[in-house]
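Coordinate analysis (summary)
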Amino acid sequence: MTQPGTAATTRNGQPRYDDLFRNVDQAEARRLHALAAAFDPASRSHLSRLGVAGKQCLDVGAGPGTLSIWLTTQTGPSGGVHAVDVDTSMLAAHPELTVLQSDVTSDSCAPGTFDLVHARFLLTHLPERAAVLRRMATWVAPGGWLMVSDFADLGTASSPYASYRETLAALFQTMAATVGSDINYGRTYPEPLAALGFTDIGLAVDTPVLCPSSPMTVFWHATIERTRQHMTAVTGVDPATVDTALELLTAGIWDLSVSMITAWGRRPAHSPSSPTPTKTAG
Ligand SMILES: C[S@@+](CC[C@H](N)C(=O)[O-])C[C@H]1O[C@@H](n2cnc3c(N)ncnc32)[C@H](O)[C@@H]1O
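Residues numbered from 1 in each chain as written. Predicted model: local features only at pLDDT ≥ 70, side-chain atom pairs only at ≥ 80, totals over all residues. Heavy atoms only, no water.

When you go through the protein residue by residue, the secondary structure sums to eight helices and nine strands. The globule rule puts the C-alpha radius of gyration for 282 residues at 19 Å, and the 19 Å found for the protein is close to it. Principal-axis analysis of the C-alpha atoms gives the protein an extent of 60 × 40 × 40 Å. The 282 residues of the protein split such that 52% are buried. When contacts within the protein are restricted to residue pairs at least 6 apart in sequence, long-range pairs at least 24 apart make up 78% of them. Of the side-chain charges in the protein, 19 are positive and 25 negative, and the distance between the mean point of each set is 6 Å. (Helix = DSSP H or I, 4+ residues; strand = E, 2+ residues; numbered from the N terminus. Rg over C-alpha atoms; globule rule 2.2 N^0.38 Å. Buried < 20%, exposed > 50% of the residue type's maximum accessible area, 1.4 Å probe, protein only. Contact = heavy atoms within 4.5 Å. Lys, Arg positive; Asp, Glu negative; His and termini not counted. Charge placed at Lys NZ, Arg CZ, Asp CG, Glu CD.)

What follows is the structure, encoded as structure tokens:
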């Protein structure tokens, strides 16, 4: 992996995350801080059960690094935390954090380097998610943990608010078409970890609610605003529907948001240097 830098550009004409969510004027960092505020309490709770004191941790696709920095408070001085992202402009400098700019669809690191490899809301957005997960699994030391969190839309399709429902459906369709995102990738967990030979598997579901000025309300408002032109071009969604959804969010509706599915597993203590698939998803 290389040293800190800025976002890469589109590779070989393939769609990628920063085609839609480039961090211009720190707007992406603000959007991701709202997402982190919604999900960090749950993620901290799940990470806490793994016991990272004195451990070497890697946070892949760290974004603004809220969890990476929190992890530094858990590992203590004898541990360490590396935060990796294709765009490190969102990662604030922190004395205990090692920041690396890297595209995980092409870069790798030595097998068995980390006691914990963590990635939240990264694989959702990578068309190469299966290959990246396989590669991340190799970075886990024998006896170490892999934890991944990704979205599953268990709530928005049944929203009683038609404009919110239709706008988010258009957003997910646009993300799939322009980035290759799969808003329901988390729904496949934990099978991909079991298939890679991980044991002591765990699974958790967290669904933050929308309410006036809640972090998810702020996140959806920012996400819809910055993607609305793409949404109209890709899906033909009525701009008036998008306006109404934004007005509802500003007014403050109570509703469900998307869910975060978190899966974790331990690499067997006596395992080969590269986990090998034991079965494939059906
Ligand atoms: C939705 S954000 C999640 C940020 C953070 N993990 C969190 O949950 O707060 C996805 C992050 O993955 C990063 N990312 C996207 N594609 C990447 C790639 N190919 N290599 C490394 N990072 C990538 C983005 O820059 C962004 O920071």
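Right, let's talk about the site of the ligand for a bit. With respect to spatial proximity, 17 residues lie near the ligand, and among them Gly-61, Asp-85, Asp-103, Val-104 and Arg-120 are the closest. Gly-61 has a polar backbone atom sitting 2.7 Å from a nitrogen atom of the ligand. Contact distances for the ligand include 3.0 Å between a nitrogen atom and a backbone N or O atom of Val-104. Its free accessible area being 600 Å², the ligand has 96% of it covered by the protein chains. Taken together, the residues that form the shell around the ligand break down as nine nonpolar, five polar and three charged. (Near = heavy atom within 4 Å. Polar contact = N/O pair within 3.5 Å; in protein donor to acceptor, adjacent residues only side chain to side chain. Areas by Shrake-Rupley, 256 points an atom, 1.4 Å probe, with all protein chains shown as cover. Nonpolar A, V, L, I, M, F, W, Y, C, P; charged D, E, K, R; others polar.)

We now examine the nonpolar core. If you look at the biggest cluster of nonpolar residues, it comprises 33 residues, and the most contacted ones within it are Leu-35, Phe-39, Phe-172, Met-216, Trp-220 and Ile-224. Listing elements by their share of this core, those giving two or more residues are α2 (27-48), α5 (162-178), α7 (215-235) and α8 (239-251). Sorting elements by how many residues they give to this core places α2 first, with seven residues. Apart from the residues within four sequence positions on either side, Phe-39 is in contact with Arg-120, Phe-121, Phe-151, Asp-206, Pro-208, Met-216, Val-258 and Met-260. Ranked by size, the runner-up nonpolar core spans 27 residues in total, among them Leu-58, Leu-122, Leu-123 and Leu-196. (Core = buried A, V, L, I, M, F, W, Y, C linked by side-chain atoms within 4.5 Å.)

Per-residue pLDDT for the protein has a mean of 90; in total, 90% of the residues score no lower than 70. pLDDT under 50 marks residues 2-11. Its contacts with residues more than four places away, or in other chains, come to 26 contacts. Here residues 276-282 is a poorly scored stretch, pLDDT under 50, and it has 13 contacts once near neighbours within four places are set aside; other chains count. (pLDDT = per-residue confidence, 0-100.)

Taken as a whole and assessed by the stated rule, the structure comprises six aromatic pairs. With a centroid separation of 4.0 Å and an interplanar angle of 5°, the aromatic rings of Phe-121 and Phe-151 are classed as stacked. Residue Phe-121 is located in the loop between β4 (114-120) and α4 (129-138), and its partner Phe-151 is located in strand β5 (residues 140-152); the two are separated by 30 residues in the primary sequence. Both residues of the pair, Phe-121 and Phe-151, belong to the buried class. Site record: aromatic cluster; members linked through ring pairs are Phe-39, Phe-121 and Phe-151. One Lys or Arg, Arg-31, reaches over the ring of Phe-21 and ends 4.0 Å from the middle of that ring. (Phe/Tyr/Trp six-rings, centres within 6.5 Å; stacked < 30°, edge-to-face > 60°. Lys NZ or Arg CZ within 6 Å of the ring centre and 35° of its normal.)

So, on to α8. Helical geometry note: an α-helix holds 3.6 residues per turn, so side chains three or four residues apart project in the same direction. Here α8 is 13 residues long and its end C-alpha atoms lie 18 Å apart, about the 18 Å a rise of 1.5 Å per residue gives. The complete set of buried residues in α8 reads Thr-241, Val-242, Ala-245, Leu-246 and Leu-249. What you see down the axis of α8 is that its buried residues fit within an arc of 135°, all on one side. Along α8, exposed side chains directed more than 90 degrees from the buried face belong to Glu-247, Thr-250 and Ala-251. On the buried face of α8, the contacting elements are α5, β7 (209-210) and α7. Backbone geometry just downstream of α8 places Gly-252 in the positive-phi region, at approximately 100°. (Expected span 1.5 Å × (residues − 1). Arc of directions from axis to C-beta.)

A few words on the packing of α5 against α8. Relative orientation of the contacting elements α5 and α8 amounts to 115°, with a least axis distance of 8 Å. Once α5 is placed against α8, the crossing between them reads as left-handed. Between α5 and α8, the residues in contact are Ser-163, Tyr-164, Glu-166 and Thr-167 and Thr-241, Val-242, Thr-244, Ala-245, Leu-248 and Leu-249, respectively. Here the residues of the contact of α5 with α8 sort into five nonpolar, four polar and one charged. (Axes fitted to C-alpha atoms, helices over the stretch in contact; angles between N-to-C directions. Left-handed = near helix turned anticlockwise from the far one by under 90°.)

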